[in-house]
Amino acid sequence: MNNPLVGRASESSRRHYKTYRSADLQPGRWAFVKRDAVLSWSTSKPMPEFRDAVEQHALEFIEVSTDEFILERKLSEFWIISHRWFSRSHPDWDENLPQNQSAKLKKLQELLCEHEEIRGIWLDFCCVPQGNNADGSDTYVHNYGMRDEAEQRYFRYTLDNIKLLYLTGTVLIFVDQKYMGRFWTQFEAFLSLHKAGRKGVVPKTDQDVEDNVFICEMGAASASAGSVRNSLIDTWRTKSVHEAVEVLSQPDIEVMNQSDKAVILPRLHDLNKNVIEIFMNDDKRREAAIDEKQRQAEEAARRAEADSLRAQEADHKAALDVLDAKIARAEAAKLEAAREEDYGRAKALKEEAGLFKKSRAEKIASFESHASQRRQADWPANVKLDAEVMLAGLEAKLKGLQERDKLAKSGRPDEWDTALIRSIRDELETTKRERDLAEQTRTQAHREAADREQEIARQAEADEKERCEMVERRHAALEAAAAELERDRSALETQLQAAADSERLTMMQTLQVQMKELSGLSADDYANKKRAEAEERAREEQERAEERAREAQQRALEEGQRAEEVARKLRERDLQIEKAKRWVVLGEVLLRVSLYSAVIGGVCWACGVTQPWPVEGIKDQDEHDFAESVAQVGFVLTVAATSSFFVVVGVFACTSGWQAVIGDDNFLRVHERLDDVSDEDDAWTLTRNIFSGVLVFVGGITWLCGAGKAGRENQMHVWLVGCVMTSLGLAGA
């Protein structure tokens, strides 16, 4: 009962504040100490408690929802302080230890001077009402009395959601040797070294830690040269939520109120699930917002189109009304002129009315054409409205025609313009048919509009189903990417451990770089990276396929050029063959003419020589002279034909044709080429003809020598040889 803490608590509980009212506390509105207030506080006395800070107007209240914590990082301009209390009554003041009096405040003021971008801080002692629970569940005594119901509700909300501050905010950690063994400090350290992602609570990258976590070593830890800081990071940065819960559940992690572990740790698992759910809901909201914007844009377009259509219809109706009025006036004036027997004026008015009617018909046709185009472009979205408009126009037109018909028959029957009345009635009949057709069209339009609405509803349902499937596929892809990322990390860890065991430093350095790259990737980033790699591979494969296609095209072009060159050579060779054919045919003709001339000459020669010889005692000298003349003529024919035509021309023609066929590089194909020239004119035929001609020529000369006048008996054998040779030559020819 004489405990001084209890007396101070009672005195504090009876204190009255001027501006502070616990009823103003609203869960969800977080209190932050203003930067200027922290810099203005004196380090010679303790920092003020929450209620006193409110009295000093040192706090700034900001309303932040759970989604804003996770998705927007709304508190990036504030430092969230993680620290160990120096005593049960104050986090930065120990009456018995002067070195623990405002040590954190001094460091805070120094750091704030270095970081002008920071607007303020969140520190539990200054930003949450202190004191004992109203239900007496506290196991230790505060100096700040009992929290009332409103304060207790605000305190409980803060305790339940404090994890969001450290998970999403910029954290300043005051770490000392005792910091490493306290539940709340280690809980806060784990959260500060992690971040919220689509996969839940995931480790921060090295850059995230560098930018959003400031660790200040205090007390004996300041002499560790950074080892305490590194130990804290190594302890928690790579831990999963499940591993963190197991570590924080250990009995050597101390906590003043043992119920805090039982309450807080299960909620860490819930936090992981809530983060995933928040990101999923945010994705759905974003997709819904995009769909809503698209729907609004379509609705605005439809409204604008409907307004434009109504304006066009109004203009069209006004123009038709003007024309109808002009037509009515012209018709009335025409009737008046007819009554006055001013037929010239009546005729002019009739023509004027006809022009007005023509203009009216053209306007109607133009408007209906545009309406038809609109119906085709957006059928049946606007067909219902078009049908209504058309039906209304036809009703108005029908009414106007009925009035005109009544007006045309208003005078005496002998004054009626029967032609006008007949045209009005014809137009009435046409308009009635058009109205009936318009009513059918409207009915059809209503039915098709209803069918269209049902189709739209079915399509919307199908689109929603497809969207949900797409979202599920996306989530499945993200889960698969996360699993693959985890496998890659595990594989790299295994390789790194193997490299460390074998002390392969170069490989270790490479694997460490890869580990850092993977540790900085979320599942979404990893999926995007894999997708980009797949696209790059596809692009490279496409380039290789295009290169192969270009090479094949080049080869085909070269083959075409070679084929064209071969065809050109073949055409040139065919021309040579044709030329050779002509030469060979010419030589053959000349050869045969020479042979036939030789045969005729030989026969004449034989007749002239043999007729008088070898018979002796020829009495008739004239007959003998005539026979010699015939023999001489035969000799001349034989010599001339054989030597001139055959030997000179025939041989030249044959050998020229032969040379044309052979060519310079086709000597071995002579027989083949000769077969192409003719089935009969081969080498043997040409050779046979040549030798036959030679035999005829030589045989004729021999025969001539043997048949001379002098010594015919003695030269009988020469004559016989000449006969045999000539006969062989003729037979061969």
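How each quantity is defined
- Residues numbered from 1 in each chain as written.
- Predicted model: local features only at pLDDT ≥ 70, side-chain atom pairs only at ≥ 80, totals over all residues.
- Heavy atoms only, no water.
- Helix = DSSP H or I, 4+ residues; strand = E, 2+ residues; numbered from the N terminus.
- Buried < 20%, exposed > 50% of the residue type's maximum accessible area, 1.4 Å probe, protein only.
- Contact = heavy atoms within 4.5 Å.
- Areas by Shrake-Rupley, 256 points an atom, 1.4 Å probe, with all protein chains shown as cover.
- Patch = residues over 30% accessible without salt bridge, like charges linked within 9 Å, V, L, I, M, F, W, Y side chains within 5 Å.
- Salt bridge = Lys/Arg side-chain N within 4 Å of Asp/Glu carboxyl O.
- Lys, Arg positive; Asp, Glu negative; His and termini not counted.
- Charge placed at Lys NZ, Arg CZ, Asp CG, Glu CD.
- Core = buried A, V, L, I, M, F, W, Y, C linked by side-chain atoms within 4.5 Å.
- Arc of directions from axis to C-beta.
- Phe/Tyr/Trp six-rings, centres within 6.5 Å; stacked < 30°, edge-to-face > 60°.
- Lys NZ or Arg CZ within 6 Å of the ring centre and 35° of its normal.
- Axes fitted to C-alpha atoms, helices over the stretch in contact; angles between N-to-C directions.
- Parallel < 35°, antiparallel > 145°, perpendicular 65-115°, else oblique.
- Left-handed = near helix turned anticlockwise from the far one by under 90°.
- Nonpolar A, V, L, I, M, F, W, Y, C, P; charged D, E, K, R; others polar.
- Pairing = 2+ DSSP bridges.
- Polar contact = N/O pair within 3.5 Å; in protein donor to acceptor, adjacent residues only side chain to side chain.

S.K.: Summarise the overall build of the protein; cite the residues concerned and give the values.
M.R.: Regarding its fold elements, the protein presents 21 helices and eight strands. Considering the protein as a whole, with its 733 residues, one finds that 38% of them fall into the buried category. A separation of at least 24 residues holds for 72% of the contacts in the protein among residues at least 6 apart in sequence. Summing over all exposed atoms, the protein offers an accessible surface of approximately 42,400 Å²; the carbon and sulfur share of this is 54%.

S.K.: Now, about a negative patch on the surface: what can you tell me, with residues and values included?
M.R.: A contiguous patch of negative charge on the surface is contributed by Asp 463, Glu 466, Glu 469 and Glu 472. Residue position: Glu 466 is located in helix α15 (residues 418-502).

S.K.: Describe in detail the nonpolar core, supporting the description with residues and values.
M.R.: Counting 87 residues, the largest nonpolar core has Trp 122 and Leu 165 as the members making the most contacts within it. In contact with Leu 165, not counting residues within four places along its chain, are Trp 30, Phe 32, Phe 69, Leu 75, Ile 80 and Trp 122. Within the second largest apolar cluster, 10 residues are counted, among which are Ala 481, Leu 496, Leu 511 and Leu 518.

S.K.: How would you summarise helix α11 (residues 241-248) if you had to cite specific residues and measurements?
M.R.: Of all the residues in α11, the buried ones are Val 241, Ala 244, Val 245 and Leu 248. Buried residues along α11 cover an arc of 100° about the axis, so they all sit on one side.

S.K.: So what about the packing of aromatic side chains? Which residues, and what values?
M.R.: Considering all chains together, one arrives at 12 aromatic pairs under this definition. Judged by centre distance (6.4 Å) and plane angle (90°), the ring pair of Trp 122 and Tyr 166 falls under edge-to-face. Taken together, the positions of Trp 122 in strand β4 (residues 120-122) and Tyr 166 in helix α7 (residues 149-168) put the pair 44 residues apart, joining distant regions of the chain. On the accessibility criterion, Trp 122 (1% relative accessible area) is buried. For Tyr 166, a relative accessible area of 1% corresponds to the buried category. Between Trp 184 and Phe 187, the aromatic rings sit 5.7 Å apart at their centres with planes inclined by 90°, giving edge-to-face as the arrangement. Of this pair, Trp 184 and Phe 187 are both found in helix α8 (residues 183-192), three residues apart, which corresponds to roughly one turn of the helix. Connected via pairs of aromatic rings, a cluster forms that spans Tyr 20, Phe 50 and Tyr 154. Above the plane of the ring of Phe 155 lies Arg 147, whose end atom (NZ or CZ) is 3.7 Å from the centre.

S.K.: Provide a residue-level description of the packing of α7 against α8, including the pertinent values.
M.R.: Packing of α7 against α8 leaves a shortest axis separation of 7 Å and a crossing angle of 45°. Viewed along their axes, α7 and α8 adopt a mutual orientation that is oblique. Between α7 and α8 the crossing geometry is right-handed. Contacts between α7 and α8 involve Leu 159, Ile 162, Lys 163, Tyr 166 and Leu 167 from the former and Trp 184, Phe 187, Glu 188, Leu 191 and Ser 192 from the latter. Each residue belonging to the contact of α7 with α8 can be placed in one class, and the counts come to seven nonpolar, one polar and two charged.

S.K.: Any chance you could break down the sheet that holds β4 for me, citing the residues and the numbers?
M.R.: Taken in spatial order, the six strands make up an open sheet running β2-β1-β4-β3-β5-β8, and their pairing is mixed. In the strand order of this sheet, the two ends are held by β2 (59-63) and β8 (213-217), each with one partner. Taking the axes of each pair of neighbouring strands and ignoring which way they run, one obtains an average angle of 35° across the sheet. With five bridges joining them, strand β1 (residues 29-34) and β2 adopt antiparallel strand pairing. Among the inter-strand pairings, Ala 31 is bridged to a residue of β2, identified as Phe 61. Contacts from helix α10 (residues 227-236) reach β5 (170-175) and β8 within the one sheet, and its direction differs from that of β8 by about 140°.

S.K.: Summarise unusual backbone geometry; cite the residues concerned and give the values.
M.R.: For Ser 102, which is not glycine, the phi dihedral falls at a positive 65°. Within the secondary structure layout, Ser 102 lies in the loop between β3 (78-82) and α5 (103-114). Residue classification places Ser 102 among the buried positions, given a relative accessible area of 1%. Residues other than glycine seldom take positive phi values, yet Ala 225 does so here, at roughly 60°. Note on placement: Ala 225 falls in the loop between β8 and α10. With relative accessibility at 78%, the residue Ala 225 sits in the exposed group.

S.K.: Lay out the pattern of salt bridges in plain terms, naming residues and giving numbers.
M.R.: Scanning the entire structure with this criterion turns up 25 salt bridges. Arg 119 is the partner of Glu 60 in a salt bridge, and the nearest nitrogen-oxygen pair spans 2.2 Å. In this pair, Glu 60 sits in strand β2 while Arg 119 sits in the loop between α5 and β4, placing the two residues 59 residues apart along the sequence. A relative accessible area of 35% means that Arg 119 is categorised as partly exposed. The residue Lys 357 makes a salt bridge to Glu 331 at a minimum N-O spacing of 3.3 Å. In this pair, Lys 357 sits in helix α13 (residues 343-377) while Glu 331 sits in helix α12 (residues 259-339), placing the two residues 26 residues apart along the sequence. Look at Lys 357 and you get partly exposed, because its relative accessible area is 27%. Accessibility expressed as a relative area gives 7% for Glu 331, which makes it buried. Among the ionic contacts, a cluster of salt bridges with common partners joins Glu 49, Arg 51 and Glu 151.

S.K.: Give a description of the side chain of Glu 49 that names residues and reports values.
M.R.: Relative to the helices and strands, Glu 49 resides in the loop between α2 (35-40) and α3 (50-55). For Glu 49, a relative accessible area of 2% gives the class buried. Engagement of the side chain of Glu 49 in a polar contact is seen with the backbone nitrogen of Gln 130, the distance being 2.8 Å. Not counting residues up to four positions away in its chain, the partners in contact with Glu 49 are Phe 125, Val 128, Pro 129, Gln 130 and Tyr 144.

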